[in-house]
There are 2 protein chains.
Amino acid sequence: MPIYQAPTRDMKFLLHEVLDVEQLQKFEPFGEVDRDLVDAIIDEGAKFCEGVLAPLNIVGDHEGCTRHEDGSVTTPTGFKDAYKQMVENGWVALNKDPEYGGQGMPGLLAITVGEMQTASNMAFAMYPGLTGGAIKAIEVGGSPEQKQAYLPNMVSGEWTGTMNLTEPHCGTDLGMLKTKAVPNGKGGYKISGQKIFISAGEHDMADNIIHLVLARIEGAPEGTKGISLFIVPKFKLNDDGTPGERNTVVCGSIEEKMGIHGNSTCVMNFDEAEGYLIGEENKGLRVMFVMMNEARIGVGMQGLGQSDVAYQNAAAYAKDRLQGRALTGPKNEDGPADPIIVHPDVRRMLMETRAFNEGARALLYWAAMHEDIEKHTKDEKLAEKCDDYLGLLTPVIKGYLTDMSMRTTIDCQQIFGGHGFIEEWGMSQFVRDNRIALIYEGANGIQALDLVGRKLARNGGRALMTLNQEIDAFLKDNKDSESLPEFMEGLTSAKTKLTEATMWLMQNGMKDPNNAGAGSVDYMHMMGLATLAYMWAKMAVVAQAKIDDGSNEDFYPNKLITGRYFMLRMLPMMDAHLAKIKTGAEPMMAMEAAAF
Amino acid sequence: MPIYQAPTRDMKFLLHEVLDVEQLQKFEPFGEVDRDLVDAIIDEGAKFCEGVLAPLNIVGDHEGCTRHEDGSVTTPTGFKDAYKQMVENGWVALNKDPEYGGQGMPGLLAITVGEMQTASNMAFAMYPGLTGGAIKAIEVGGSPEQKQAYLPNMVSGEWTGTMNLTEPHCGTDLGMLKTKAVPNGKGGYKISGQKIFISAGEHDMADNIIHLVLARIEGAPEGTKGISLFIVPKFKLNDDGTPGERNTVVCGSIEEKMGIHGNSTCVMNFDEAEGYLIGEENKGLRVMFVMMNEARIGVGMQGLGQSDVAYQNAAAYAKDRLQGRALTGPKNEDGPADPIIVHPDVRRMLMETRAFNEGARALLYWAAMHEDIEKHTKDEKLAEKCDDYLGLLTPVIKGYLTDMSMRTTIDCQQIFGGHGFIEEWGMSQFVRDNRIALIYEGANGIQALDLVGRKLARNGGRALMTLNQEIDAFLKDNKDSESLPEFMEGLTSAKTKLTEATMWLMQNGMKDPNNAGAGSVDYMHMMGLATLAYMWAKMAVVAQAKIDDGSNEDFYPNKLITGRYFMLRMLPMMDAHLAKIKTGAEPMMAMEAAAF
């Protein structure tokens, strides 16, 4: 069975040594968030994920979810119990609003714990993950009464939530959606239509499921301007707030899919189901996008999680599996063969994955930290900077991290040879589960388009300019780091190339928007590489300082080795992406559509 | 259900216009191979694959193979009938030796038909594919009696074959294998041991299964020097040659695996099974490698096949699916949205796949043509050149083509958005089936090592020098192709960079073999890119000539458009690979193994 050990050392390194999580104490709700509390949460989170969630991962894949004739759905063996423990131990409420019973911890800590949950069992972690998104939408758009009615039980995790967007004929282009809402004369609406790909749409783990549903109120304008958001509870609430009468929303079938079998991906049929408008009529997408943006960061986290657990298993296998001899002569002379980790190409796949993982983790946590600061700072300039960074980096975290995790999980599977293809080893599952992360919450091509078409130019390109200034200041501060030349040179070069690509896209995208579209995914990867280079340079400075201070923990030199690998062996991709971007749209748009 | 339409136009372009298949007529066995015959075989092959094999592809994935308590295995619904048709129509015998009932067609034609078979149903095509390998081994190493006893029924396809190499503790490193052979006093051997991952190991489609088994004769030397090859038939032969008594080789279980569910991947248990030595004692690997080399080309073909069928479905979907509007304004004003093929990034994924497929097909067929020439020419110098090319390019065809097809099948799946993740659309299957191609017949990292560690330096580097001379001559011949500057410049630059990488590896690999190992996969990709660039330049010259001659078939300008895409948007990867190679082994070998 695959292993999972939460990377708590690396997590604590980032939270304490790189990001200084205690700086959040200056914000009133985080007054108690000191090093001991953070470490206790990380350690307890690790224990729960390693001991309870990880062993259920392969079970969930194997059994999947079962829909019964009445539309009810049973989750895989052990999921219900594990979810009960998760709720009872307060993991769902961790970073939620204390007003509704949450523990009010920083989002940064929720991301840290969330990474462990998704790495140990992605399909399982999606149930509380989607609840988080639904809570967010109600917080942003709901009335005080709606908040009071739904949030406490969702915050505790006793009720779960879903997002109902996609319909058979529309996913990316929500303007085409057809689900309709008709006022029911009692202040609510009758919702009718079919939604597909609804994660956690129906299951047996919670007393109620709160569906958030995009629909068009009868007579609303066409397109995206006529879409409203509704709460449709599985069980309508009694006057005392407890779940009562069953609503007419049912799971019509469960999709057979490539991965995340433990999560019930449902076709949901709404047959005049009772629903309640959130916020204003026809303004539903606005609320949905708030929730979606947070979800996108969560999807990037899923990619990292799968990449990390795949790495751990591949590294263990590479150290254990004896096969062949090192090119430089036997390393395990008494054994029948050397462990395959002696082979450079096995190392290449491991180092590539590790260098990506540690850089991606830094970027993810760094972004989460900015989100916490943005929410709580009274410094408007600082809040603006945080918001700029999040806007710019959300598509990169979603798109680049999951594109990369697809490659790394495949590489880690490759290390197992034939055994990687056999389901019992679990490596196939990491690849298959990870696969969805490139698709949902906006396919990665859409992320890239959001980046170059919207985020980059917003406020005259302020976000990237601010980030560049921050990097310049960092480079200036560390220009004397004689022991870290690869890091400072790598970062400088990455920044220069990213700037060149940005200029090219700005100039040529104006001439022909297809030029921007054609280079968008390459550009997203360049920004991913450049921001990871920045994270690596920051981490290297911290690690080097610890070494200079006399630390003899292997963690620090290994951090530098891993970072150097990133700088020397992964950053060269910048040139290839830049060259591709500069070819523009013509080579890919030249052929008539009919000829494909 | 997914579609498959054999790319017969492109196949005929390559066979007739680029490779001039009729040149093979000068070799005695191919006297009849004219254009009409070739086209008839292609068209009939297409009909069979599109009509019979393709519809069974998703059935095979869904049902898989079933092992019964007695060790017998049932293949998916329809497989047995389809196989019967395949045998009756003579497809298995197509390129086999007429001495044993084969039709004696060129291997090039078998590759062409094989591509259709594997594209329409990879799991199915593996049954006759493995038979081909087993035939090869008996042809190379078997006695006249063995050939007479086994080949006629294998050539017709009435009996199938397998390759039994891998054991639980060894795959790549066959020197460790433990299966033992003890003389039985009747001229044969008692074979005992366990083999795993045995494709087509047991099934219900043929009257007999001829297992080729690597085992160690009692008292043989340790390691690779003590391995012999045996024939172990499922049914021992009666005196009249018909299948008789059941041999003690049984399928112990079927592996649950990520893909190719329609092929029965078996654990095979040999319990003093009766076996017959092929060739000399302890020389089994030599024969096995002849067969393996041919199989490796076949695996590259599998990658191309999956990439092509994935492309066809993605292109059809991209033209059909309406979602969003073109960046340059609506292209389908009367519809609710534009087809997604208007989006540059969807185009990017399609063009990348198409440019790879057409280039890969050319390389594969070009190599197959050299194999036919090598086998039949009396010109020793020419035979040597063909053998050099095949040695050099076999690992590239296996490793580069399947690495790339992994990316392209994933990209094609991505075009389907959420639907790509749902099994009923079939895109997941192409990805999952393709996944094994990077692993079996020598994992891709092993291919890369074979290339840089063995093939490149063989005979003083003669193979690559000869190929470079051929490219130089081609460039000289076409230096006036003013209409094709991207092609000639791209090829020139690719050749220069490949040479630079080769020099670096030669020099630095001698200092430290890990330098060669560390750059091996990057180098394999460089050679893949460079040889595809050569193929594209060749194809472009032919296409341009047809246009200049007044052809108004769209096929030719589209060929140029696709090739230009390859040159402009895919060749830039050469620089990234070169830069990575030049960093050497140090960054990836620096960390202690225990720290992973």
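Description of the structure in this document. Keep in mind the model is a prediction, meaning the values are calculated, not measured.

The rules behind these values
- One numbering rule holds for all chains: residues counted from 1, following each sequence as written.
- All chains are assigned letters beginning with A, and all ligands numbers beginning with 1, in the order in which they are written.
- Reporting in this predicted model follows two pLDDT cut-offs: at least 70 for local features of residues, and 80 or more for side-chain atom pairs to be given and counted; totals over whole chains, interfaces and linings ignore these cut-offs and use all residues.
- Calculated side-chain values reflect all of the structure's heavy atoms, with hydrogen atoms and water omitted.
- Labels follow the DSSP assignment, with helices taken as runs of H or I lasting at least four residues and strands as runs of E lasting at least two, numbered in each case from the N terminus.
- Throughout, the radius of gyration refers to the C-alpha atoms, and the reference size of a globule is 2.2 Å times the residue count to the power 0.38.
- Contacts are assigned to residue pairs with any non-hydrogen atoms lying within 4.5 Å of each other.
- Using the Shrake-Rupley algorithm and a 1.4 Å probe, accessible areas are obtained, with residue cover drawn only from the displayed protein chains.
- Least squares is used to superpose the copies, and the fit set is the C-alpha atoms of residues whose pLDDT is at least 70 in both copies.
- Any two of the Phe, Tyr and Trp rings considered here, Trp counted by its six-membered ring, make a pair once their centres fall within 6.5 Å; the pair's planes then place it as stacked at under 30 degrees, edge-to-face at over 60, or tilted in between.
- Throughout, exposure labels follow a simple rule: accessible area from a 1.4 Å probe, protein chains only, divided by the maximum for the residue type, with under 20% read as buried, over 50% as exposed, and the rest as partly exposed.
- The rule for a charge over a ring is simple: NZ of Lys or CZ of Arg within 6 Å of the ring centre, and within 35 degrees of the ring normal.
- In the cavity and pocket records, a cavity denotes points on a 1 Å grid over the protein atoms alone where a 1.4 Å probe fits but cannot get out, a pocket denotes an open set with protein on both sides within 12 Å along at least 5 of 7 lines, and lining residues are residues with an atom within 4 Å of a point.
- Grid points are joined across faces, edges and corners, and a volume is the space filled by probe spheres set on the points.
- As a working definition, buried area equals the accessible area (1.4 Å probe) given up by two parts on being put together, with both sides summed.
- Salt bridge, as applied in this entry: a Lys or Arg side-chain nitrogen positioned within 4 Å of an Asp or Glu carboxyl oxygen.
- In the analysis that follows, any N or O atom pair within 3.5 Å is treated as a polar contact, provided that within protein one partner can donate a hydrogen and the other can accept it, and provided that, for residues neighboring in sequence, both atoms belong to side chains.
- The residue classification treats Ala, Val, Leu, Ile, Met, Phe, Trp, Tyr, Cys and Pro as nonpolar and Asp, Glu, Lys and Arg as charged. All others, Gly included, are polar.
- Residues grouped as a nonpolar core are buried Ala, Val, Leu, Ile, Met, Phe, Trp, Tyr and Cys residues, joined through side-chain atoms within 4.5 Å.
- Strand pairing requires that DSSP identify at least two bridges connecting the strands.
- To estimate how far a helix should reach, multiply one less than its number of residues by 1.5 Å.

Moving on: the overall build of chain A. Of the regular secondary structure elements, chain A holds 19 helices and eleven strands. Taken over C-alpha atoms, the radius of gyration comes to 24 Å for chain A, in line with the 25 Å a tight globule of 596 residues would show. Within chain A, counting contacts between residues at least 6 apart in sequence, those at least 24 apart form 73% of the total. A total accessible area of about 20900 Å² is found for chain A, and carbon and sulfur atoms account for 50% of it.

Glancing now at the relation of the copies chain A and chain B. The two copies are related by a screw motion: chain A maps onto chain B through a turn of 180° and a shift of 0.0 Å along the axis, at an RMSD of 0.0 Å. Look at the turn and shift together and you get a two-fold axis relating the two. Minimal C-alpha distance to the rotation axis in chain A is attained by Ala576 of chain A, lying at 3.0 Å. Counting the interface residues of chain A, we find that 100% of their copies in chain B are interface residues as well, pointing to one common contact surface.

Both the distance between ring centres and the angle between the ring planes are used here to describe each pair of aromatic rings. Using the criterion set out here, one finds 29 aromatic pairs over all chains in the structure. Here Phe416 of chain A and Trp425 of chain A contribute two aromatic rings whose centre-to-centre distance is 5.7 Å and whose plane-to-plane angle is 65°, an arrangement assigned as edge-to-face. Phe416 of chain A gets classed as buried once you look at its relative accessible area, which sits at 4%. With a centroid separation of 5.0 Å and an interplanar angle of 65°, the aromatic rings of Tyr189 of chain B and Phe230 of chain B are classed as edge-to-face. Linking Tyr189 of chain B in strand S5 (residues 189-199) with Phe230 of chain B in strand S7 (residues 228-233), this pair joins segments that are 41 residues apart in sequence. For the pair shown, Tyr189 of chain B and Phe230 of chain B are each scored as buried. These aromatic residues form a ring-pair network of at least three members: Trp366, Tyr389, Phe474 and Tyr534 of chain A. Between the NZ or CZ atom of Arg9 of chain A and the centre of the ring of Phe555 of chain A, over which it lies, the distance is 4.3 Å.

With that settled, consider empty space enclosed by the protein. All names here are of chain B. As enumerated under the stated definition, the model contains seven cavities of 30 Å³ or more in all. Considering only enclosed or pocket space, the second largest cavity measures out at about 90 Å³ in volume. Along the walls of the second largest cavity sit 13 residues, with Pro2, Ala54, Asn57, Ser120 and Phe430 positioned nearest its centre. Secondary structure elements with two or more residues in the lining of the second largest cavity: helix H2 (35-63), helix H4 (107-120) and helix H11 (427-435). Tallying contributions element by element places H2 first for the lining of the second largest cavity, with four residues.

With that settled, consider the interface of chain A and chain B. In this assembly, 90 residues from chain A lie in contact with 90 residues from chain B. Buried surface at the junction of chain A and chain B, summed over both partners, amounts to about 7900 Å²; 64% is from carbon and sulfur atoms. In terms of surface lost to chain B, no three residues of chain A exceed Phe421, Arg569 and Phe596 of chain A, which account for 11% of the buried area on that side. Between chain A and chain B we count four salt bridges in total. At the junction of chain A and chain B, the tally comes to 38 residue pairs in polar contact (both at pLDDT 80 or more). Considering each element in turn, the side of chain A that touches chain B owes the most residues, eight residues, to helix H9 (residues 344-376) of chain A. Of the residues that constitute the side of chain A that touches chain B, the class distribution is 48 nonpolar, 21 polar and 21 charged.

In this structure, Tyr523 of chain A together with Tyr523 of chain B are the most contacted members of the largest nonpolar core, which totals 380 residues. With residues near it in sequence (within four places) discarded, Tyr523 of chain B still touches Leu451, Val452, Leu456, Leu464, Leu498, Ala501, Thr502, Leu505 and Ile581 of chain B. In this structure, Met258, Phe421 and Leu438 of chain A together with Ile260 of chain B belong to the second largest nonpolar core, which totals 30 residues.

Bringing the pairing of strand S9 (residues 243-246) of chain B into the picture now. Residues and elements named next belong to chain B. Strand direction decides the pairing type here: strand S8 (residues 235-237) and S9, joined by two bridges, are antiparallel. The residue bridging Phe235 from the neighbouring strand is Arg246, located in S9. Two successive antiparallel strands, S8 and S9, enclose a turn made up of five residues, where Gly241 displays a positive phi of approximately 90°.

Residue and element names in this part refer to chain A. Residue position: Thr502 is located in helix H15 (residues 485-511). When neighbours within four sequence positions are excluded, Thr502 is seen to be in contact with Leu456, Leu464 and Tyr523. Within the structure, Thr502 has its side chain in polar contact with the side chain of Tyr523 (distance 2.8 Å).

Evaluation of the coordinates by the stated rule reveals 72 salt bridges over all chains. Each member of the salt-bridge network shares a partner with another, and the members are Asp10, Glu115, Asp308, Arg354, Glu358, Arg361 and Lys559 of chain A.

With 33 residues, helix H8 (residues 344-376) of chain B extends 48 Å from end C-alpha to end C-alpha; this agrees with the ideal 48 Å at 1.5 Å per step. Among the 33 residues in H8 of chain B, 30 count as buried, and that is most of the element.

With that settled, consider the pairing of strand S11 (residues 265-278) of chain A. All names here are of chain A. Of all 14 residues that make up S11, eleven are buried, and the element is covered over most of its length. Of the strand pairs in this sheet, strand S5 (residues 189-199) and S11 are connected by eight bridges, and their pairing is antiparallel. Pairing of Lys195 across the sheet is with Met268, part of S11. Pairing of strand S7 (residues 228-233) with S11, which is carried by three bridges, proceeds in the antiparallel orientation. In the strand pairing of S11, Leu229 is matched with Ile278. As paired elements, strand S10 (residues 249-254) and S11 share five bridges and run antiparallel to each other. For Ile254, the partnering residue across the bridge sits in S11 and is Cys266.

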